[in-house]
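Close look at the chain arrangement
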Amino acid sequence: EITSSHFKIKDGTTDRVTIDSSGVTVPDIILSGRVTLADSVNTLGEGNIMIGKNNLENPSGTTDECFDNISIGNKALQALTGGPSGSLQTAHLNIAIGTEALKTVVLNTHSNVAIGNKALTSLTNGSDGNIGIGNTTVGGSGSADGNTCVGHFAGKKLTASYNTCIGYEAGW
């Protein structure tokens, strides 16, 4: 039992493991009952799972409106942003697995699934219900809803909603 208010394991001057009242922190992985990221002003909401370098790196302007998102991979969900608490400008229930998956997703973005390098990487404000499985799927969509693209570069240049693209470069 450790009865101190915090505990650290260091390698020279670098913290390798920190245990304190907010949970267990290992560089690039945060584990606790409530995972919260903070910038200088605001915090991200509850229930977010982040594994990887630069995940949820720029949560500016958020106060508890981004919740229940899963981010695994370098820069996955990097720019996720929600509005002020109670604003209904939420970003939630997004799953990003892969380098830069859902990298630019921001306000009012819900229920997107991105699996693969740069999958759904160009989705922005108000994009809901998109599924991208494969390298650079739904790459040019901006704000779009209801696209399902499976395959290498499937839907890479899509800018519209409610499309289905299956196969190598389908919907290019």
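Residues numbered from 1 in each chain as written. Predicted model: local features only at pLDDT ≥ 70, side-chain atom pairs only at ≥ 80, totals over all residues. Heavy atoms only, no water.

Some points on the overall build of the chain
A count of helices and strands for the chain gives zero helices and 14 strands. Starting at the N terminus and ending at the C terminus, the chain contains elements arranged as β-β-β-β-β-β-β-β-β-β-β-β-β-β. Considering the chain as a whole, with its 172 residues, one finds that 37% of them fall into the buried category. Of the contacts formed within the chain by residues at least 6 apart in sequence, a portion of 12% connects residues at least 24 apart. Accessible surface for the chain amounts to roughly 8,400 Å². Of this, 56% is attributable to carbon and sulfur atoms. (Helix = DSSP H or I, 4+ residues; strand = E, 2+ residues; numbered from the N terminus. Buried < 20%, exposed > 50% of the residue type's maximum accessible area, 1.4 Å probe, protein only. Contact = heavy atoms within 4.5 Å. Areas by Shrake-Rupley, 256 points an atom, 1.4 Å probe, with all protein chains shown as cover.)

So, the packing of aromatic side chains
This structure, assessed with the given rule, holds one aromatic pair. Ring plane angle 85° and centroid distance 5.5 Å describe the contact between phenylalanine 153 and tryptophan 172, whose orientation is recorded as edge-to-face. Pair noted here: phenylalanine 153 is in the loop between strand S13 (148–150) and strand S14 (164–166) and tryptophan 172 is in the segment after S14, with a separation of 19 residues, a long-range link. A relative accessible area of 18% means that phenylalanine 153 is categorised as buried. Among the residues examined, tryptophan 172 registers a relative accessible area of 41% and is labelled partly exposed. (Phe/Tyr/Trp six-rings, centres within 6.5 Å; stacked < 30°, edge-to-face > 60°.)

So, the sheet that holds strand S8 (residues 91–92)
Taken together, the three strands give an open sheet; going across it, the order is S6-S8-S10, and neighbouring strands pair in parallel fashion. One side of each edge strand has no neighbouring strand; the edge strands of this open sheet are strand S6 (66–67) and strand S10 (109–110). When S8 meets S10, the two strands line up parallel, connected through two bridges. Within S10, the residue paired with alanine 91 across the bridge is threonine 109. (Pairing = 2+ DSSP bridges.)

Observations regarding the pattern of salt bridges
One pass over the structure, following the stated rule, counts one salt bridge. A salt bridge links lysine 103 to glutamate 100, with the shortest nitrogen-to-oxygen separation between them at 4.0 Å. Lysine 103 gets classed as partly exposed once you look at its relative accessible area, which sits at 22%. (Salt bridge = Lys/Arg side-chain N within 4 Å of Asp/Glu carboxyl O.)

A short note on unusual backbone geometry
Positive phi, close to 65°, is recorded for lysine 75, a residue that is not glycine. As for its placement among the helices and strands, lysine 75 is situated in the loop between strand S7 (70–72) and S8. Take lysine 75: its relative accessible area is 25%, and that puts it in the partly exposed class. The backbone of leucine 93 shows a phi angle near 60°, a positive value even though the residue is not glycine. Secondary-structure assignment places leucine 93 in the loop between S8 and strand S9 (95–97).

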